[in-house]
Amino acid sequence: MREAVIVEAIRTPIGRRKGALADVHPVDLSAHVLNTLLERTGVEPDDVDDVVWGCVTQLGDQSGNVGRFAVLAAGWPESIPGVTVNRACGSSHQAIEFAAMGVMSGRYDFAIAGGVESMTRVPLGATRAVGEPYGPAMIARYGGPMFDQGPAAERMARKWSLSRTHLDEFALSSHAKAARATDSGAFDSQVISVPAAPELRTDEGIRRDSSTEKLAGLKPAFADDGVVTAGNSSQISDGAAALAITTPERAAQLGLPPLARLHTSVVVGDDPTLVLSAPIPATAKVLERSGIPLADIGAYEVNEAFAPVPLAWLAETGADPAKLNPLGGAIAVGHPLGASGAILMTRMINHMRDNGIRYGLQAICEAGGTANATIVELLQ
């Protein structure tokens, strides 16, 4: 079977809800990322076999087929297809895996994977207004509608004995790491400007003035006696990201040095009432399938949907905390749902290249109790 390699990865700065990207239509934002990716690679649109694009809340400005509409908005030939994927928060992670599968199988020679979400223009949970997503049979199976992520984060905190102080300290660390990474230029090569929001140069959500005292003053978000707050949860955000995926042979023909090889990928299901715990079994499965021991992984990206998610993952895997989300995470920079998997991968492979790290592992929790996990291998 052929190999799949990443030859370029870029992202927009992540905008706060109602922030700098609020007036940018998600299709236009996606089109800009697509065109910038081709400019970076020197590849012509006709060389792209498909665009696989993640987007979660497919309503209003994100209804229809955002992936296809982005291709057309980019001005590419009408012969270039595009498809939109929804695996909840892991949508663009899944888009990467689907694109890699297409390359490895021979269906594609060159594909683009990525995603977008404008949570300003299409609010979180907007689709709930038009129906019941679970259905009576699923609710009957689990004894009630216990699938919302906020209360599930509280259940995770209780199960893994995670205190409010523990969660807040993790959140504060995320902001500090993201600020250091920004100031050091760690994101400079991957973050692209957005002409419609020229003032936005860096991720908009980082709180440099945060403190344990400020975080401790926030009220619990999901239970009066809870430990999960807005301060130790991911931010509601806008953004987009894209990666170019091809074979080593096609990369050589195009004169593109591969950044990383997509080594092993899995997707798993777990307890849907915990919702957010599936990165734990996904990590176990991807390590077993790859044959790579945990100790050989030099960087982990575990999406910070809520602080209990990476903290429970650490407790169960025994991984080195210093290798976890080394540039901060969604608590600090934001979580534009459909784009987050591609943003995480872009951040991770650039960090691996900058620090000579051979293997990186990414895992992301998803609504419904599923998770994607992928190991990539540095090639530069």
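Keep in mind that this is a model prediction, so the values were computed, not measured. Residue indices follow the written sequence of each chain, beginning from 1 at its first position. For a predicted model such as this one, the threshold for reporting local features is a pLDDT of at least 70, and the threshold for listing and counting side-chain atom pairs is 80 or more; totals across whole chains, interfaces and linings nevertheless cover every residue. With hydrogens and water set aside, each side-chain value is computed from the structure's full complement of heavy atoms.

Q: Would you explain the UniProt feature "domain: Thiolase C-terminal" (unreviewed entry) in the protein chain in this entry?
A: According to UniProt, the "domain: Thiolase C-terminal" (unreviewed entry) feature falls on residues 257-377. Working definition: helices are DSSP H or I runs of at least four residues, strands are E runs of at least two. Numbering for both runs from the N terminus. In residues 257-377, helix accounts for 35% and strand for 25%; the two terminal C-alpha atoms are 14 Å from one another. UniProt positions are given in the numbering used here, feature names are shortened, and annotations may be inferred rather than shown by experiment.

Q: Sorry, what's going on with the side chain of glutamine 190 here?
A: Assignment of secondary structure puts glutamine 190 in the loop between α6 (164-184) and α7 (212-216). Only protein chains enter the accessibility calculation, which uses a 1.4 Å probe; a residue whose area is less than 20% of its type maximum is buried, one above 50% is exposed, and one in between is partly exposed. Accessibility expressed as a relative area gives 0% for glutamine 190, which makes it buried. At 2.9 Å, the side chain of glutamine 190 and the side chain of arginine 11 are in polar contact. Should any heavy atoms of two residues lie within 4.5 Å, those residues are counted as being in contact. Here glutamine 190 is in contact with Ala9, Ile10, Arg11, Thr346, Arg347 and Asn350, once residues within four sequence places are set aside. Whenever a nitrogen or oxygen atom comes within 3.5 Å of another N or O atom, the pair is scored as a polar contact, on the condition that within protein one atom can donate a hydrogen and the other can accept it, and that pairs from neighbouring residues in sequence are kept only if both atoms are in side chains.

Q: Help me understand the side chain of serine 174, please; the structure alone is not making it clear to me.
A: Relative to the helices and strands, serine 174 resides in helix α6. Judged by its relative accessible area of 1%, serine 174 falls in the buried class. Separated by 3.0 Å, the side chain of serine 174 and the backbone nitrogen of glycine 329 make a polar contact. With near-sequence residues (within four places) excluded, serine 174 lies in contact with Glu304, Gly328, Gly329, Ile331 and Ala332.

Q: What exactly am I supposed to notice about the pairing of strand β4 (residues 82-85) here?
A: Consecutive side chains along a regular strand alternate between the two faces of the sheet. Bridge count between strand β3 (residues 50-54) and β4: 4 bridges; the pairing is parallel. Along β4, the bridge assignment pairs tryptophan 53 with threonine 84. Regarding topology, helix α2 (residues 66-73) serves as the crossover connection from β3 to the parallel β4, and that connection is right-handed. Strands pair, by our definition, only if DSSP identifies at least two bridges between them. With the strands pointing away from the viewer, any crossover whose connection runs clockwise from the first strand over the helix to the second is right-handed.

Q: Help me understand empty space enclosed by the protein in this model?
A: A water-sized probe rolled over the atoms picks out the places where empty space is left. Think of a 1 Å grid over just the protein atoms. A cavity is a set of points where a 1.4 Å probe fits yet cannot get out, a pocket is an open set with protein on both sides within 12 Å along at least five of seven lines, and lining residues have an atom within 4 Å of a point. Grid points are joined across faces, edges and corners, and a volume is the space filled by probe spheres set on the points. Enumeration according to the criterion identifies 1 cavity of 30 Å³ or more in this entry. Estimated volume of the largest cavity: approximately 50 Å³. Around the largest cavity, the lining residues are Asn303, Gly329, Ala330, Val333, Gly334, Ser340, Ile343, Leu344 and Arg347. Counting residues per element, the ones that place at least two in the lining of the largest cavity are α11 (330-333) and α12 (340-355). Broken down by element, the lining of the largest cavity gets its largest block of residues, 4 residues, from α12. Gly is placed with the polar residues, together with every amino acid not listed as nonpolar (Ala, Val, Leu, Ile, Met, Phe, Trp, Tyr, Cys and Pro) or charged (Asp, Glu, Lys and Arg). Of the residues assigned to the lining of the largest cavity, the class counts are 4 nonpolar, 4 polar and 1 charged.

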